[in-house]
Structures are given as structure tokens and as C-alpha cells.
Amino acid sequence: MQEHSHFIKSLPQLQKLYHKILLEVQDMYNHLVPLKLRQRRNIHQQYQKDFVIISVCLLGKMMGFTSERSWHSFAKANFFSGQFFPERSRYNRICRQLLWIIKFLRYQFIRRFLAQAPYTIVDSLPLPLCHSARSFRVKRLRGYADRGYCASKKEHYYGFKGSFHITNTGFIVGYVISRASTHDLSVLEELLDQSPHCIVLGDKGYVSEKVGQKLARKGIQLLAMKRANSKNPHPVELTKFIRFRRKQIETLFSNLCDVFCIDQLKPNSLIGFELAIDTILFAHSLLVLWAIQDHGEGTKWRDQIFN
């Protein structure tokens, strides 16, 4: 698990990565966040600047920490030794207060890459909140999460379902979190309304003539994999294209689980869950940009952490 990466990755490397994140976030914060928010009441009493707290959050997700308590202790000891840093409960409250700034910065950051994409891809990912054996007695977020079925693993789980919208270069430009039992089609329109694109690829779960026509009136062409018994199948070349390009989002989901542990989040509140998701997606967007700048390919973003 990457949560223990501090035992195998040298501290100077982590500090270098932290300062790289800090420069990016500080520049965006100073240029994009309204002055009214940057100079809000009592901000001068905060031990660290907003962009420092955001940078610490992003680094924690890149390192795969799922425990905020463990990450706060590690960050305070290794990055702010001898400096003033908020104690754990205060740090968590500040992070939750900065949620809307994190959302705003991430949206402003990724919106410029959507227009450059020739196509986008949509798919969903199960986000369990506990082991399947405990799903009938778990109390975490009871009333919001529920039981659903994961077709790829052929098992039921308790939690949420995350529907994601990505570009061909790997930027996640939109997401919707729903109950685990929610069908992919029921949140598709809401997902695409966040960042509309003219050509969208999807799997067999998005096959619907009614939904396709509704999206077409908005200028969106949904190209979903047709079922084997479909009366109007796609041409062979188009089917191969969709099948090949869709592998990209499946690889992305696998990396999000391996590196960011997005399928191991255990929040006790909705705002905590939302903060974790947005911070993970923001951190991922930065890594994709750095990978494009270094290699010209956004799919090699893991190298930005491990090398």
C-alpha cells in the first residue's frame, strides 16, 4: 500500500514533490481565487496560508494516505518541524472550509484541456465503504449509501458509485457520486452537463436510444458499445475504436485504486467524502499535466510520483 511510501521514498524526494505542488497551487490561488476570499475575516490568524494547506492535502493523496490522522502527524513532523502548523482537528476543519476553493481551482485548471480533446470517455467505478461481509450491519453514512452490484467483480457491496468523465489525454473533467444501486444512465446527463463534449464514448451500460436522442439535441453524440444481439450494430471499425479507446478509462480506474486508494475511503461524513474525492482528482490532474510536459503522454503520470 502506498500509504507507507515514506519508508521507501527519501524525505528530500518528498520535499521536492511538495514544493513542486506548492508552486503550482500558489500560482493558481493568487490568480484565480477572488480577493474577497483571499482576504476574508481573521485570515491573518491562520498559522499557514490556504495554498499551503491545499498543497499538503494534495501531497497526502499522492502518497496514498487514507488516514487523515496519520498524514497530519507525518506532514507536521517532516515538512513543518519547528514551525507553526494547525493541530489535527483544526487542520481538518480548515480543509473542509477550503473544499469549495479546491473545487473551483480544479475546475478552472482542467476546463482548458476539454476543448483540445477529440473525444471523451465515461464510465463508473464502485466506491465501497466497508468489506462486503459487513455491508448489512455497517452504520457509516447510513441513509446516503446503499448496496449495489459490481459486475466486473461479480459481487455486491455497500457504498457509492462514482461516474467519471475523462478526456483522451486522461484529465478527469467531471464526476457524479451516486448511491451504489443507481444505474449509470440515470446520472449520465448530469455528468455530461458539467463539461459538455461533442463525442462521448461509453460501454454497454450506456446503451439507450432515448438518452442518445436527448443528448443529440444538446449537440452530444454518444457512442456506446452495442450489445451482441443489437439490431443496429456499429460498423466493425467503429466498434474496434470504441473498445480500444475505452481501455484507457479502465486503466485509469485501476491506477486511482492502486495509487490514491480511492476505493478505500472511510469517511464519517459526506463533506469528508467529497473533500477526499475532489483532492484526489485535483492531485491526479496535476500529475497528468506534468506527465504531458515531460513525456508528451498523460497516461504515464505515475512516474511523477515514483521516480
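The structure reproduced in this document is the subject of the present report.

What counts, and where the lines are drawn
Residues numbered from 1 in each chain as written. Predicted model: local features only at pLDDT ≥ 70, side-chain atom pairs only at ≥ 80, totals over all residues. Heavy atoms only, no water. Helix = DSSP H or I, 4+ residues; strand = E, 2+ residues; numbered from the N terminus. Rg over C-alpha atoms; globule rule 2.2 N^0.38 Å. Buried < 20%, exposed > 50% of the residue type's maximum accessible area, 1.4 Å probe, protein only. Contact = heavy atoms within 4.5 Å. Areas by Shrake-Rupley, 256 points an atom, 1.4 Å probe, with all protein chains shown as cover. Salt bridge = Lys/Arg side-chain N within 4 Å of Asp/Glu carboxyl O.

### Comments concerning the overall build of the protein
Phase 1 of the analysis: The helix and strand tally for the protein stands at eleven helices and six strands.
Phase 2 of the analysis: The C-alpha atoms of the protein give a radius of gyration of 20 Å, which matches the 19 Å a tight globule of 307 residues would have.
Phase 3 of the analysis: Counting only C-alpha atoms, the protein reaches 70 × 45 × 40 Å along its principal axes.
Phase 4 of the analysis: Considering the protein as a whole, with its 307 residues, one finds that 50% of them fall into the buried category.
Phase 5 of the analysis: Relative to all contacts within the protein whose residues are 6 or more apart in sequence, the contacts with residues 24 or more apart total 66%.
Phase 6 of the analysis: Roughly 15,800 Å² of accessible area belongs to the protein as shown, and the carbon and sulfur atoms make up 52% of that amount.

### Concerning unusual backbone geometry
Phase 1 of the analysis: Unusually for a residue other than glycine, Lys-154 sits at a positive phi of about 55°.
Phase 2 of the analysis: The topology assignment puts Lys-154 in the loop between strand S2 (146-150) and strand S3 (155-167).
Phase 3 of the analysis: Backbone geometry at Cys-261 places phi at a positive 55°, although glycine is not the residue there.
Phase 4 of the analysis: Here Cys-261 lies in the loop between helix H9 (236-259) and helix H10 (270-295).
Phase 5 of the analysis: Under the relative-accessibility criterion, Cys-261 is labelled buried at 2%.

### Description of the pattern of salt bridges
Side chains that differ in charge, positive against negative, can pair when their charged atoms come close.
Phase 1 of the analysis: Evaluation of the coordinates by the stated rule reveals 14 salt bridges.
Phase 2 of the analysis: A salt bridge links Arg-106 to Asp-278; the nearest nitrogen and oxygen atoms lie 3.5 Å apart. Highlighted residues: Arg-106 in helix H6 (residues 99-114) and Asp-278 in helix H10, separated in sequence by 172 residues. With respect to burial, Arg-106 and Asp-278 carry one shared label: buried.
Phase 3 of the analysis: One salt bridge in this structure joins Arg-246 and Glu-250, with 3.1 Å as the shortest N-O distance. Residue Arg-246 and its partner Glu-250 are located together in helix H9, separated by four residues, close to a single helical turn.
Phase 4 of the analysis: Judged by its relative accessible area of 7%, Arg-246 is buried.
Phase 5 of the analysis: In the salt-bridge network here, residues are joined through shared partners; they are Lys-103, Arg-106, Glu-274 and Asp-278.

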